Amino acid sequence: MSRPMRATAVGVVFAVFVAGVVMLFLYFLHYPPTVAAAATGADEEIHLQAVPALGYGPHPTYVSYLADINGKWVHTTMFKLKANTLVHFTIDQYDTGSLLRNSFMDQVEGTVDGTEVLNGGAPVRIINDNTDNGIGHTFAVPSLGISVPMPGIASAATNVCSIAPCDSSFDHNTITFTIKTPAAGLYPWQCFVPCGLGWPTGNGGGMSTLGYMNGFLKVVA
Amino acid sequence: MTAASTASAAPRTDRQHMMRIAVIWVVLSVIGMVLVYFVWGPHMPPGKDSDQARVQQDGNRLLGTIAVPVFVFVWVYLGYVLTNWRVKSSTPVDEVGDGPPLKGHAGFQAIWLGVTTATVLALFVFGTVDLAHNDGAGTGSGPSPIWTPTGYDANAAQSKLLVVQVIGQQWRWTFRYPQYGGFESDVMVVPAGQEVQYSVTSLDVIHSFWAVNLGIKADANPGVNNVAFGTADKIGSVNIRCDELCGLYHGSMTTTGKVVSPADFKTWATKASSTYQQLIPFLPPYADIYLPQSDGGYYDPGQDPLPSGPPPGPASPSVIP
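Keep in mind it's a predicted model, so treat the numbers as computed, not measured.

Peer 1: How should I be thinking about the packing of aromatic side chains in this particular structure?
Peer 2: Geometry of an aromatic ring pair is reported as the spacing of the ring centres plus the angle between the planes. Summed over the entire model, instances satisfying the criterion amount to 28 aromatic pairs over all chains. With centroids separated by 5.0 Å and ring planes inclined at 5°, the aromatic side chains of F89(A) and F177(A) adopt a geometry described as stacked. Here the residue F89(A) occupies a position in strand β7 (residues 86-93), and F177(A) occupies one in strand β13 (residues 173-180), the gap between them amounting to 88 residues. Residue F89(A) is classed as buried on the basis of its relative accessible area, which comes to 1%. For F177(A), a relative accessible area of 4% corresponds to the buried category. Taken together, the aromatic side chains of F104(A), Y177(B), Y180(B), F183(B), F265(B), W268(B) and Y276(B) make up a single cluster linked through ring pairs. Taking the ring centre of F192(A) as reference, the NZ or CZ of R172(B) above it sits at 5.5 Å.

Put into structure tokens, the structure is as follows:
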């Protein structure tokens, strides 16, 4: 091969490598996608679901959250919220439950009134994890003192959703709560149930992979 | 050419070079030591917010001051060599030769070994005495600390010190107060001027409890009760973080504690005990450590026999309004 040919070949390989790195960088810059809460007057609202297995993508067996955007379920855990605003959360919880590693998180913390509403009933402050259903997942933002336990579906449930997105015909619990967002900033949130089955301490897999059982609240002015 | 100018142009002897280096080194070292000890020293971390922080700052001041002559010698010698013994660019290449061969010098080697050994041994004694006189100086000393303050008892219920159990979990800290009914809180509050027994443990992986400005640092190991002691002096906030890489959100495993007056602490503890009263039955009994069960809950391993079913705690009600 002549010298100019070799130089060209090296240049092409290098260019392809750089382009690949740039594309990878851009992909991860926007992954998982950020979805914005919907405005309802002065407040905002967001509808999520927690599922026992995503069913597709690189980790189909991972437990995960999805967000409802205009009727379409999007696999993401990055939520854009407006600062100093009341945000009403609705989470449909389709997973079975277990005991909490720390039952301190039986209590609801950091929501308006310190309560959550379970399946449209009266507001509650404590969910007992030592029951048949246990706790399926929690929605917690430690830096904001927010922790919301979500009971699992009954261990004997027969109509269990196995692949996301799940529709409301499957067994589930609906949890609603409201938080007041702080000043603009980036706040990590996570589940505190050791639900990464098969991983050491239950905290691997979906628990330690961005986009499944953890993510960020992007609070903007 | 005069006799004086001839003398000034004569190359310096090795002894003259050594004297010049020594003088520069001594002068800069003295200036540096004074600056480090008196100017920088009072601002060195971790500050003066507790007895332990003060002891650690004193140690940092001493070590920093001792390090100055070593630091200065390296840079003075390097600077002197580059300035005086650099090959000039005008020197022909074939005149650039190798330096003289190195030879051993028994006296120099003896002094070198003697000074460094004495320094290390002195620091060892200094550090050990500091730890012994300050109940471990804020470091985690394991489940059976050697140096303990008056009133310490391994049994939290019998300890005359205020016991704060620090529980690490991926990725947050919580705190239990066994002498106030065993309530658990996500805020650490301690009284000023009162020695506290921090019992540090973890529910999953290895974390490290670091109350930065209080100078308290103890690894949080699962299945281990790592005890540290500390007396906060200054009323204010406490910067708490994890100092052991523990997973995805290690960097977010931070919180802010409070140092309050003893009266305010009693008020807070009484109120918190009442606030968390309904939650206490759901927690396992207070224990030095908690180990996870296969079904996710945690239990007191001191129970005999070990529980095979659900952990202690009411199975009902399922919710509390």
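Back to the text.
Peer 1: What exactly am I supposed to notice about the pattern of salt bridges here?
Peer 2: A side chain of one charge can pair with a side chain of the opposite charge when the charged atoms of the two come close. Per the counting criterion, the structure on display carries six salt bridges over all chains. The partner of D49(B) in a salt bridge is K234(B), with the nearest N and O atoms 3.7 Å apart. Of this pair, D49(B) sits in the loop between α2 (14-40) and α3 (51-84) while K234(B) sits in the loop between β8 (226-231) and β9 (236-242), and the two are 185 residues apart along the sequence. For D49(B), a relative accessible area of 15% puts it in the buried group. Taking the shortest distance from any N to any O, the salt bridge between D186(B) and R172(B) comes out at 3.5 Å. Of this pair, D186(B) sits in the loop between β3 (183-185) and β4 (189-191) while R172(B) sits in strand β2 (residues 172-177); the two residues are 14 residues apart in sequence, bridging distant segments of the chain. On the basis of relative accessible area, R172(B) is assigned to the buried category, the value being 9%. Taken together, the salt bridges that share partners define one network made up of E109(A), R172(B) and D186(B).

Peer 1: Before we go on, may I ask you to explain the sheet that holds strand β7 (residues 216-220) of chain B in this structure?
Peer 2: Paired through backbone hydrogen bonds, the strands of a sheet run either parallel or antiparallel to each other. Residues and elements named next belong to chain B. Pairing is mixed across the open sheet formed by five strands, whose spatial order is β4-β10-β9-β6-β7. Every other strand in the sheet has two partners, leaving β4 and β7 as the edge strands with one partner each. In this sheet, neighbouring strand axes are inclined to one another by 25° on average, regardless of whether the strands run parallel or antiparallel. Where strand β6 (residues 207-211) meets β9, three bridges bridge the pair, whose relative direction is antiparallel. Within β9, the residue paired with W210 across the bridge is R241.

Peer 1: What is the right way to read the environment of T174(A) from this model?
Peer 2: All names here are of chain A. If you trace the backbone, T174 turns up in strand β13. In this structure the C-alpha to C-alpha distance between T174 and T77, which are 97 residues apart in sequence, comes to 18 Å. In this structure T174 touches T90, I91, D92, V117, L118 and N119, once residues within four positions along its chain are discounted. One polar contact links T174 to H172, side chain to side chain, over a distance of 3.4 Å.

Peer 1: I tried to follow the sheet that holds β2(B) on my own but got confused; where do I start?
Peer 2: Residue and element names in this part refer to chain B. Strand order in the open sheet formed by five strands is β3-β2-β1-β5-β8, with mixed pairing between adjacent strands. The sheet terminates laterally at β3 and β8, the two strands that pair on one side only. The sheet shows a mean angle of 30° between the axes of neighbouring strands, direction not considered. As judged from the seven bridges shared by strand β1 (residues 162-169) and strand β5 (residues 195-202), these two strands associate in the parallel manner. For V166, the partnering residue across the bridge sits in β5 and is V200.

Peer 1: In this structure, what is going on with α2(B)? I would like to understand it.
Peer 2: Helical geometry note: an α-helix holds 3.6 residues per turn, so side chains three or four residues apart project in the same direction. Residues and elements named next belong to chain B. The terminal C-alpha atoms of α2, which comprises 27 residues, lie 36 Å apart, in line with the 39 Å expected from a rise of 1.5 Å per residue. For α2, the set of buried residues is H17, I21, S29, G32 and V36. If you follow the buried residues of α2, they end up packed against α3.

Peer 1: I'm lost on the pairing of β7(B) in this one. Help?
Peer 2: All names here are of chain B. Here β7 shows a clear split, with I216, A218 and A220 buried on one side and none of K217 and D219 buried on the other. In terms of strand pairing, β6 meets β7 through five bridges, oriented antiparallel. Bridge assignment links F209 to a residue of β7, and that residue is A218. Between the end of β6 and the start of β7, which pair antiparallel, lie four residues, with G215 showing a positive phi angle near 70°.

The rules behind these values
- Here the residue index of a chain counts from 1 through its sequence in written order.
- As they are written, the chains are lettered A onward and the ligands numbered 1 onward, keeping that order.
- Predicted model: local features are reported for residues with pLDDT of at least 70 only, side-chain atom pairs are reported and counted for 80 or more only, and whole-chain, interface and lining totals are derived from all residues.
- Note that water and hydrogens are dropped before the side-chain values are worked out from all heavy atoms of the structure.
- Any Phe, Tyr or Trp ring, taking Trp's six-membered ring, that has another such ring centre within 6.5 Å forms a pair; planes under 30 degrees apart are called stacked, those over 60 apart edge-to-face, and the others tilted.
- The way it works is that DSSP assigns letters per residue, a run of H or I at least four long becomes a helix, a run of E at least two long becomes a strand, and they are numbered from the N terminus.
- Under the scheme applied here, a residue whose accessible area is under 20% of the maximum for its type counts as buried, over 50% as exposed, and between as partly exposed, the area being computed with a 1.4 Å probe on protein chains only.
- Should the NZ of a Lys or the CZ of an Arg lie within 6 Å of a ring centre and within 35 degrees of the ring normal, that charge is described as sitting over the ring.
- One speaks of a salt bridge when a side-chain nitrogen belonging to Lys or Arg is within 4 Å of a carboxyl oxygen belonging to Asp or Glu.
- At least two DSSP bridges between two strands are needed for those strands to be called paired.
- Here the axes come from fitting lines to C-alpha atoms, over the contacting stretch only for helices, and the angles between their N-to-C directions go from 0 to 180 degrees.
- Contacts between residues were defined by any pair of non-hydrogen atoms, one from each residue, lying within 4.5 Å.
- Contacts described as polar in this section are N or O atom pairs within 3.5 Å, which, within protein, must combine one atom able to donate a hydrogen with one able to accept it, while residues neighboring in sequence count only if both atoms come from side chains.
- A helix's residues, less one, multiplied by 1.5 Å, set its expected span.

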